[in-house]
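Per-entry structural report
Residues per chain, in single letters:
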There are 2 protein chains.
Amino acid sequence: MESVTGPRLASGLRISVMRLSRRMRQAPSSSLSPTQIATLATLERLGPMTLGELAAQERVQPPSMTRVIMHLDDLGLVTRSPHKTDGRQVIASVTPAGRELLESDRRRRDEWLAERLVELEPDEIAVLERAAVILDKIANS
Amino acid sequence: MESVTGPRLASGLRISVMRLSRRMRQAPSSSLSPTQIATLATLERLGPMTLGELAAQERVQPPSMTRVIMHLDDLGLVTRSPHKTDGRQVIASVTPAGRELLESDRRRRDEWLAERLVELEPDEIAVLERAAVILDKIANS
DNA sequence: TATTGTTATACTCTATAACTATA
DNA sequence: TATAGTTATAGAGTATAACAATA
């Protein structure tokens, strides 16, 4: 059984999750790109770090991170400061404005999804309540 | 209840879905872009349809779908055929090569997820089976 | 010499606007 | 006139290669 059910579910679930995530990313939010938002969120979550570390975290190449940070800096969402001992390195940090943007962005995305959830039947809600926990378990495994 | 449960589920579900999708995107796959793969999968799942219908399904603009289908056609993964009664419309269909690619692609990309699914209890699998359908419904709403 | 980050350049993906063919 | 699809063109995002500054 597992040899049949496992792969089929994996395929269907993967497509559904990817499709929904694509849709949620399209939902009205800030005007930042996924990488820009993710970079900002990573900086908030893990604290100030060098551009090289950030690039590795977000799995983009260094030149791409240079541009992302340049853009976020232009918008006042991050600051760039020199490394204390190594003059080659640059440390990026989230500004208060950056934190505010992250917060309001999260609020808006939640609203978009919440609007759709109220259209569902109670038993569908129950399924998603349980699914959210399971998906999280999978993502963290 | 709904006024509390709705938003909480929205937030939890959004985070879980986005986190899982980020993990899955890092898995190795074919050289097709997300939209190209999704389009091919949609054609296989729903059967032959016009480019306009496909564009609506994948939520891209018609010119983008024209290019996606042109590319898939060049690769021999889909065919384009004239509509029986309406000379303006074009019907796209998956070729056997397209099905093969989907199959091998899924096999590779689903490995990561499938490995984690077999760790789950049968009732958790059942929840995800249902959740996949509901997530899809939300994504298409 | 090696490393960190930047600049120059090109490619992919997607969009809007203008166009062609058909209804 | 309206609709389906295509072509022309532009913009965003990311990559590789070459370069500058520092270790």
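Position numbers for residues start from 1 in each chain and track the written sequence from start to end. Each chain is given a letter, starting from A, and each ligand a number, starting from 1, according to the order in which they appear as written. With the structure being a predicted model, the display of local features is reserved for residues of pLDDT at least 70 and the display and counting of side-chain atom pairs for 80 or more, all residues being used for whole-chain, interface and lining totals. Heavy atoms from the whole structure form the basis of all side-chain values; hydrogens and water molecules are not counted.

Attention now moves to the protein's contact with DNA strand D. Neighbouring residues of DNA strand D: 22 residues in total, closest A:Thr35, A:Ser64, B:Gly52, B:Thr66 and B:Arg80. Here the atoms of DNA strand D within 4 Å of the protein split so that 69% fall in sugar or phosphate, with bases taking the remainder. A:Ser64 has a polar side-chain atom sitting 2.7 Å from a phosphate oxygen of DNA strand D. Starting at the N terminus, helices and strands are each numbered in turn, a helix being any DSSP run of H or I of at least four residues and a strand any DSSP run of E of at least two. For the surface near DNA strand D, the secondary structure elements donating two or more residues are α2 (34-46) and α4 (62-74) of chain A together with α3 (51-58) and α4 (62-74) of chain B. Whether a residue is near a molecule or strand depends on its heavy atoms: it is near if one of them lies within 4 Å of it. Identification of polar contacts relies on pairs of N or O atoms within 3.5 Å, with a donor-acceptor requirement for protein atoms, meaning one able to donate a hydrogen and the other able to accept it, and with residues adjacent in sequence counted only if both atoms are side-chain atoms.

All names here are of chain A. In this structure, Arg59 takes a positive phi of about 55 degrees despite not being glycine. Along the chain, Arg59 turns up in the loop between α3 (51-58) and α4. Arg59 sits in the exposed class, given a relative accessible area of 59%. Any residue under 20% of the maximum accessible area for its type is buried, any over 50% is exposed, and the rest in between are partly exposed; the area is computed with a 1.4 Å probe on protein chains only.

Next up on the list: the sheet that holds strand β1 (residues 49-50) of chain A. All names here are of chain A. Note: two strands are recorded as paired if DSSP finds a minimum of 2 bridges between them. Ordered by their spatial adjacency, three strands build an open sheet running β1-β3-β2, and the pairing between neighbours is antiparallel. Edge positions in the sheet fall to β1 and β2 (78-82), since each of these pairs with one other strand and no more. As paired strands, β1 and strand β3 (residues 90-94) are joined by two bridges and run antiparallel to one another. Across the sheet, Thr50 pairs through a bridge with Ile91, a residue of β3.

A few words on the domain arrangement of chain A. Residues and elements named next belong to chain A. Note that the domain bounds reflect an automated or database-derived domain assignment. Partitioning chain A into structural domains gives domain 1 (1-30 + 96-141) and domain 2 (31-94). Each of domain 1 and domain 2 has a C-alpha centre, and the two are 26 Å apart. Reported buried area values correspond to the accessible surface (1.4 Å probe) lost by two parts on association, with both partners' losses combined. Interface of domain 1 and domain 2: buried area, both sides summed, is about 920 Å²; carbon and sulfur atoms make up 62% of it. When the buried area of domain 1 at its contact with domain 2 is split by residue, Ser30, Arg99 and Leu102 rank highest and sum to 49% of it. By definition, a salt bridge exists where a carboxyl oxygen of Asp or Glu is found within 4 Å of a side-chain nitrogen of Lys or Arg. Viewed at the interface, domain 2 and domain 1 are joined by one salt bridge.

What follows concerns the sheet that holds strand β1 (residues 49-50) of chain B. Residue and element names in this part refer to chain B. Here we have three strands laid out as an open sheet, ordered β1-β3-β2, and antiparallel in their pairing. Lying at the two open borders of the sheet, with one neighbouring strand each, are β1 and β2 (78-82). In this structure, β2 lies alongside strand β3 (residues 90-94), joined through five bridges in antiparallel fashion. For Pro82, the partnering residue across the bridge sits in β3 and is Val90. The criterion used for residue contact is that any of the two residues' heavy atoms lie within 4.5 Å. Simply put, an axis is a line fit to the C-alpha atoms, just over the touching stretch for a helix, and the angle between two N-to-C directions goes from 0 to 180 degrees. The strands that α4 touches are β2 and β3; relative to β2, the one it contacts most, it runs at about 115 degrees.

A few words now on the protein's contact with DNA strand C. In the region of DNA strand C, 22 residues are neighbours, and A:Gly52, A:Thr66, B:Thr35, B:Ser64 and B:Gly87 sit closest. Each atom of DNA strand C within 4 Å of the protein was classed as base or backbone; sugar and phosphate made up 70%. Take A:Arg88: an N or O atom from its side chain is 3.0 Å from a base oxygen of DNA strand C. Mapped by element, the contributors of at least two residues to the surface near DNA strand C are α3 and α4 of chain A together with α2 (34-46) and α4 of chain B. A breakdown of the residues in the surface near DNA strand C according to their chemical character gives six nonpolar, 11 polar and five charged. Classification convention: Asp, Glu, Lys, Arg as charged; Ala, Val, Leu, Ile, Met, Phe, Trp, Tyr, Cys, Pro as nonpolar; all other residues, Gly among them, as polar.

To continue, consider the interface of chain A and chain B. Listed per partner, the contact involves 47 residues of chain A and 49 residues of chain B. Overall, the association of chain A and chain B removes approximately 5,100 Å² of surface from exposure, summing both partners, and the carbon and sulfur fraction of that is 67%. Its largest share of buried area at the contact with chain B, chain A owes to A:Leu9, A:Arg14 and A:Arg19, together 13% of the area lost on that side. Linking chain A with chain B are four salt bridges. Measuring nitrogen to oxygen at the nearest pair gives 3.0 Å for the salt bridge that ties B:Asp123 to A:Arg130. At the junction of chain A with chain B, the criterion picks out four residue pairs in polar contact (both at pLDDT 80 or more). When contributions to the side of chain A that touches chain B are tallied by element, the ones reaching two or more residues are α1 (2-26), α5 (96-117) and α6 (122-139) of chain A. Among the elements that take part in the side of chain A that touches chain B, α1(A) stands out by supplying 21 residues, more than any other.

How two helices pack is summed up by the angle between their axes together with the distance between the axes. All names here are of chain A. One way to put it is that α3 packs onto α4 with a least axis distance of 9 Å and a crossing angle of 105 degrees. Here α3 is positioned roughly perpendicular relative to α4, judged by the angle of their axes. Contacts between α3 and α4 pair Leu51, Leu54, Ala55 and Glu58 from the former with Pro62, Met65, Thr66 and Ile69 from the latter. Here the contact of α3 with α4 is composed, by residue class, of six nonpolar, one polar and one charged. Here roughly perpendicular refers to angles of 65 to 115 degrees, roughly parallel to angles under 35, roughly antiparallel to angles over 145, and oblique to all remaining angles.

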